[in-house]
Amino acid sequence: MWYNTKATEILGIQYPILQGPFGGGLSTVELVTAVSQAGGLGGYGAYTLSPQEIVDVDKKIRQATDKPYNLNLWVSDTDAVQGTVTDDVYERVRTQFKPYFDEAGIAVPEKPGPFQSRYENQLQAVLDIRPKVFSFMFGIPSADVLEQCRRLGIKLVGAATTLDEALALDNAGVDMIIASGFEAGGHRPSFLAPAEQSTTGTFVLVQLIREKVKVPIIAAGGIANGRGIAAALTLGAAAAQVGTAFLAVDESGALPAHRAALFSDAARHTTLSRAFTGRLGRGITTRIAKDLIGLEKNILPFPLQTTFMSSLRQAALAQKKHDMILFWGGQIAPILKHTKAADLVQSLIAETSAFLPR
């Protein structure tokens, strides 16, 4: 059977279909539960949560399902040196973005306060919770942390955007590696080279890693139907991670305007941009993203840029000025069909079965 892979064996799931663990409030207990209950692996992106919030979310998921699910953290959650920037840097960014704030009729915010990394405290919460699967992005946890996870029986899944990153993850002893192609929506989780230099496509990346690494590979990026899953498995992946298609369903934490955009003609055009958070990410093309191409020096480092842009985002949403907002989405969005998570999972299973031997 096509769905009996090394990934399903390791993760304890029925089908090698993973839901992308969205951060920034886009993950929900309902979405994780729906995917895991349907035989896949639900995922919750927790990088913006406090340790107590992670504990609370975990409790709700465990009350809703006894199936495995994935908790995701960012190993590196800031690019700001000592958590801040100089006044000169802020002033340059302020000048660049002032016209957009003026257009929205709101004041440009003051320089964001210093950001303190939350990763270490979040990590302790994950270790205390002991989820079936702990996935991580933007780096690799320390050898000590990885060993603690192994002793606790937690399966380790790291994300790679290049072969070099996959080799580093393999050397660290992870259980599985996500091959994250540049087609994917959301942030590019590169950690060895700049994200702009780490733009290999999913199916090329899967084949490169498969040649050099023995641990199972999870293909991610540009996969939203059974044809994509079948192609990924044929090329050597042991599972597929689906992001944008799950982001578009009613159970996700995406705003109604965001979900509607993913089903609109606008989704045919996506852009990789740092303009909205300070880290490179793919979303539906907007005016600001196009305006800022080549002007990355006028953007605050992550996550200060997110804080800086938050009031503009709120005002733009209220005024329906969606060309001033980056709605996350991958290049595959134009083929999306389903608005319910369970329907999407069942469709993925049926379509994959039609392409691969049972």
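Up top you'll find the structure we're talking about.
Residues numbered from 1 in each chain as written. Predicted model: local features only at pLDDT ≥ 70, side-chain atom pairs only at ≥ 80, totals over all residues. Heavy atoms only, no water.

1. Focus on the sheet that holds strand 2 (residues 42-45)
- Strand order across the open sheet formed by 8 strands is 1-9-8-6-5-4-3-2, with parallel pairing between neighbours. Strands with a single pairing partner mark the edges of an open sheet, and in this sheet they are strand 1 (17-19) and strand 2. Put simply, the sheet's adjacent strands are angled 25° from each other on average, direction ignored.
- In the packing of helix 8 (residues 202-212) onto the sheet, the strands contacted are strand 5 (155-160), strand 6 (176-180) and strand 8 (217-220), and the crossing angle to strand 8 comes to about 165°. (Pairing = 2+ DSSP bridges. Helix = DSSP H or I, 4+ residues; strand = E, 2+ residues; numbered from the N terminus. Axes fitted to C-alpha atoms, helices over the stretch in contact; angles between N-to-C directions. Contact = heavy atoms within 4.5 Å.)

2. Points about the pattern of salt bridges
- Within this structure, the stated rule accounts for 11 salt bridges.
- Among the salt bridges present, the one from Lys111 reaches Asp87, with a minimum N-O distance of 2.8 Å. Of this pair, Lys111 sits in the loop between helix 4 (87-104) and helix 5 (119-129) while Asp87 sits in helix 4; the two residues are 24 residues apart in sequence, bridging distant segments of the chain.
- Judged by its relative accessible area of 28%, Lys111 falls in the partly exposed class.
- On the accessibility criterion, Asp87 (53% relative accessible area) is exposed.
- Put simply, Lys340 and Asp250 hold a salt bridge, and the shortest N to O gap is 3.0 Å. Linking Lys340 in the loop between helix 13 (304-318) and helix 14 (341-355) with Asp250 in the loop between helix 10 (244-247) and helix 11 (256-262), this pair joins segments that are 90 residues apart in sequence.
- Asp250 sits in the partly exposed class, given a relative accessible area of 36%.
- Residues joined by salt bridges that share partners form a network here, namely Glu103, Arg287 and Asp323. (Salt bridge = Lys/Arg side-chain N within 4 Å of Asp/Glu carboxyl O. Buried < 20%, exposed > 50% of the residue type's maximum accessible area, 1.4 Å probe, protein only.)

3. Re the pairing of strand 4 (residues 133-137)
- Within strand 4, 5 of the 5 residues are buried, which leaves it mostly tucked inside the rest of the structure.
- Alternating positions in strand 4 separate into two faces, Val133, Ser135 and Met137 on one and Phe134 and Phe136 on the other, with burial throughout.
- Pairing geometry for strand 4 and strand 5, over 4 bridges, is parallel. Residue pairing across strands places Ser135 opposite Val157, the latter belonging to strand 5.
- For the crossover from strand 4 across helix 6 (residues 143-151) to strand 5, the handedness is right-handed. (Right-handed = clockwise from strand over helix to strand, strands pointing away.)

4. So, the pairing of strand 3 (residues 69-74)
- Counting buried positions over the 6 residues of strand 3 gives 6, a clear majority of the element.
- Residues Tyr69, Leu71 and Leu73 of strand 3 are buried on one face, and the alternating residues Asn70, Asn72 and Trp74, pointing to the opposite face, are buried as well.
- Where strand 2 meets strand 3, 4 bridges bridge the pair, whose relative direction is parallel. Its bridge partner being in strand 3, Gly42 is matched across the sheet by Tyr69.
- Assessed by its sense of winding, the connection that carries the chain from strand 2 through helix 3 (residues 51-64) to strand 3 is right-handed.
- Bridging between strand 3 and strand 4 involves 5 bridges; their strand directions are parallel. Bridged to Asn72 within strand 4 is Ser135.

5. Notes on the packing of aromatic side chains
- Enumeration according to the criterion identifies 12 aromatic pairs in this entry.
- With centroids separated by 5.1 Å and ring planes inclined at 65°, the aromatic side chains of Tyr3 and Tyr15 adopt a geometry described as edge-to-face. In this pair, Tyr3 is assigned in the segment before helix 1 (6-11) and Tyr15 in the loop between helix 1 and strand 1, connecting sequence segments 12 residues apart.
- Judged by its relative accessible area of 14%, Tyr15 falls in the buried class.
- Ring centres of Phe97 and Phe308 lie 5.7 Å apart, and the angle between their planes is 80°; on these two criteria the pair is classed as edge-to-face. One end of the pair, Phe97, is in helix 4; the other, Phe308, is in helix 13, and 211 residues separate them in sequence. Each member of the pair, Phe97 as well as Phe308, is classed as buried.
- In this structure an aromatic cluster arises from ring pairing among Tyr90, Phe97, Tyr100, Phe101 and Phe308.
- Lying over the aromatic face of Phe138, Arg279 brings its terminal NZ or CZ to 4.2 Å of the ring centre. (Phe/Tyr/Trp six-rings, centres within 6.5 Å; stacked < 30°, edge-to-face > 60°. Lys NZ or Arg CZ within 6 Å of the ring centre and 35° of its normal.)

Function cannot be inferred from these measures alone, as they are strictly geometric.
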